[in-house]
Amino acid sequence: MYSVDEALEKILQVFTVLPAERIPLAQGLGRILAEPITARENLPPFDNSSMDGYALIAADAAHASAQNPITLKVVADIPAGTASDRVISRGEAARIMTGAPLPPGADCVIPIENTDNPPGQFTESGAFPPATVTLFRALQPGDYVRFAGEDIRPGDLILKAGRRLRPADLGALAGLGVPQVQVVRRPRVAILSTGDELLRADQPLVPGKIRDINSYALAASVLDMGAQVIPLGTAPDQLNVVLSKLEEAIRADADLILSSAGVSVGAYDVVKTAMESLGALDFWKVNMRPGRPLAFGRVGSIPFIGLPGNPVSALITFEVFARPAIRKMQGLSLHLPLDEAETTEDMASDGRRTYARVRLERDQGRLIARSTGTQSSGAIHSMVQAQGLLIIPEGMKYVPAGTKLPVRIFEHFEDET
Ligand code: AMP
Ligand code: MG
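As the structure is a prediction and not an experimental result, all values here were calculated from the model.

Caption draft 1: Highlighting helix α2 (residues 167–175). Residues of α2 that are buried: Asp169, Leu170, Ala172 and Leu173. Within α2, the buried residues cover an arc of 160° as seen down the axis, which keeps them to one side. Away from the buried face of α2 by more than 90 degrees, exposed residues Pro167 and Ala168 are located. Where the residues of α2 are buried, they touch β2 (37–38), β12 (157–159) and β13 (180–184). Directly after α2, the chain includes Gly177, whose backbone phi takes a positive value near 75°.

Right, here's the structure in full:
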């Protein structure tokens, strides 16, 4: 019997980070950057106005105030998207819009709110700025100017390799003129449900049959990680069908094959026989609850993890073994910090490492965990209700109320109703 940590270590040994591929920026959300990004340009690219107003020389407005207004001649008009090369001299100003480049000579901008806000003229040939503008406040050089490179400078390391790209990252890359990025190729994960009893979700029930939960739940778990699914569907406990499904995974060039069911004692002959003809398979007892039986092997050179059939066991063993394997292929960290929660009721375990389904509540900064009730490994509703997995360590059989234990919080749990 392996401990969870021993089993995980053995599994992780066979995985390495996948090669990189170049993709358009617009497809980058959630992908893992395979290269560091260093800026080659300034952001913003030029000195520009942060307000709609007038660009001028601060020395001209040094003594301006409401009591001592100062009037300048307006000699240019600079909407956003244009650049003016008219040099601003003492006594002059240019009307300027937010984001427009500061004209040569000017060193600051006065917001329109601090002027007499003179109306421009509109003629058949377009809009013209007013002839003069009157200022009601003093200014310093640099006021209301966003300087070239004040956000990002050439040479700045913007994003490190291994980062999962977020919306703001894509925005920064676009701003810097980086239209493509090198990202880690998405892991391709083939998913197979085995068992004579399985029907698809759209098939009517007939006596003795149940609908295949695991294909759907495991595929979603894989997609949620930013990996790709190769759906193999279901296979009855028949050697030729299991073989052909595994061959399909080889043809699809899977990076990992996940199966569920058929790994408990007595039932696994078919999967085992199929695996042995295409690769190798080993059955492990892992000291955990739920999900003690686990199979691990390879189909050709593709790693294979055989998860237990009970839907809760399948999902929890996915969390414990498949998720880290997929993260390793993605080049992501394997050391995710756990949170800590306090139990509210006495709980029992059997000495195996137990992943208990819990609901979570925040109470003045503390996290409180409450069991979802039934902890049967077949009860998918206990996973539906769960907001996290409370981890009762090996050897602990009695957990009195008030015990602090590590908890793995599910993502987006705040979104449920
Ligand atoms: P096994 O690992 O084949 O002994 O299956 C354990 C339990 O999980 C049995 O009750 C199976 O019917 C059930 N089971 C196996 N595969 C699935 C599946 N894909 N969806 C729902 N239940 C399953
Ligand atoms: Mg079975």
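Caption draft 2: Looking closely at the pattern of salt bridges. Scanning all chains against the criterion turns up 17 salt bridges. A salt bridge links Arg86 to Glu92; the nearest nitrogen and oxygen atoms lie 3.0 Å apart. Asp253 serves as the salt-bridge partner of Arg188, at 3.6 Å between the closest nitrogen and oxygen. Within this pair, whereas Arg188 is found in strand β14 (residues 188–194), its partner Asp253 is found in the loop between α4 (239–251) and β18 (256–260), the two being separated by 65 residues in sequence. Under the relative-accessibility criterion, Asp253 is labelled partly exposed at 46%.

Caption draft 3: Quick peek at the sheet that holds strand β22 (residues 302–307). The strand order across the open sheet formed by six strands is β17-β14-β18-β22-β21-β19, and the pairing between neighbours is mixed. In this open sheet, the two edge strands, each paired with only one partner strand, are β17 (228–235) and β19 (279–285). When strand polarity is set aside, the average angle formed by the axes of neighbouring strands in this sheet is 20°. Two elements, β14 and β18, share five bridges in a ladder whose sense is parallel. Of the residues in β18, the one forming a bridge with Val189 is Leu256. Lying over the sheet, helix α6 (residues 311–330) contacts β14, β18, β21 (293–299) and β22, oriented at roughly 165° with respect to β22.

Caption draft 4: Representation of unusual backbone geometry within the structure. Following Leu43, the chain continues to Pro44 via a peptide bond in cis, the omega torsion being -10°. Looking along the chain, the bond that leaves Arg289 and enters Pro290 is cis, with omega of -5°. Along the chain, the position of Pro290 falls in the loop between β20 (288–289) and β21. Its identity is not glycine, yet Tyr144 carries a phi of approximately 60°, on the positive side. A positive phi angle, near 60°, is found at Asp253, a position not held by glycine.

Caption draft 5: Structural view of the sheet that holds strand β6 (residues 92–96). The strand order β7-β4-β6-β5-β10 describes an open sheet built from five strands, whose pairing is mixed. Each edge of the open sheet is held by one strand with a lone partner, namely β7 (108–111) and β10 (132–135). Along the sheet, successive strands turn relative to each other by an average axial angle of 40°, direction set aside. As paired elements, strand β4 (residues 53–56) and β6 share four bridges and run antiparallel to each other. What sits directly across from Tyr54, in β6, is Arg95.

Caption draft 6: Here's a closer look at the pairing of strand β29 (residues 404–409). Sheet analysis places strand β23 (residues 339–343) next to β29, joined by four bridges and oriented antiparallel. Within β29, the position partnered with Ala341 by the bridge is Leu405. In this sheet, β29 lies alongside strand β27 (residues 388–392) in antiparallel orientation, the contact comprising three bridges. Bridge pairing in β29 places Leu389 opposite Arg408.

Caption draft 7: Here's a closer look at the side chain of Asp255. Along the chain, Asp255 falls in the loop between α4 and β18. A relative accessible area of 12% means that Asp255 is categorised as buried. Here the side chain of Asp255 touches Arg185 through a polar contact of 3.0 Å, side chain to side chain. Looking at Asp255, its side chain comes within polar contact range of the main-chain nitrogen of Arg188, at 2.7 Å.

Caption draft 8: How the structure looks around the environment of Pro129. Within the secondary structure, Pro129 is located in the loop between β9 (126–128) and β10. With 51 residues separating them in the primary sequence, Pro129 and Ile78 have C-alpha atoms 9.5 Å apart. With residues up to four places along the chain from it excluded, the contact list for Pro129 reads Val74, Ala76, Asp77, Arg95 and Gly120.

Caption draft 9: Quick peek at the nonpolar core. Core analysis: the largest hydrophobic core is formed by 41 residues, its most contacted members being Ile11, Leu258, Phe318, Phe321 and Ile326. Contributions of two or more residues to this core are made by α1 (4–12), β14, α3 (214–224), β18, β21, β22, α6 and β27. The element best represented in this core is α6, accounting for 10 residues. Apart from the residues within four sequence positions on either side, Phe318 is in contact with Leu218, Ser221, Val222, Met225, Leu258, Leu307, Arg323, Pro324 and Ile326. Core analysis: the second largest hydrophobic core is formed by 22 residues, Ala235, Val241, Ala274 and Ile302 among them.

Conventions adopted
- Residues numbered from 1 in each chain as written.
- Chains lettered and ligands numbered in written order.
- Predicted model: local features only at pLDDT ≥ 70, side-chain atom pairs only at ≥ 80, totals over all residues.
- Heavy atoms only, no water.
- Buried < 20%, exposed > 50% of the residue type's maximum accessible area, 1.4 Å probe, protein only.
- Helix = DSSP H or I, 4+ residues; strand = E, 2+ residues; numbered from the N terminus.
- Arc of directions from axis to C-beta.
- Contact = heavy atoms within 4.5 Å.
- Salt bridge = Lys/Arg side-chain N within 4 Å of Asp/Glu carboxyl O.
- Pairing = 2+ DSSP bridges.
- Axes fitted to C-alpha atoms, helices over the stretch in contact; angles between N-to-C directions.
- Polar contact = N/O pair within 3.5 Å; in protein donor to acceptor, adjacent residues only side chain to side chain.
- Core = buried A, V, L, I, M, F, W, Y, C linked by side-chain atoms within 4.5 Å.

Geometric values such as these leave the question of function open.
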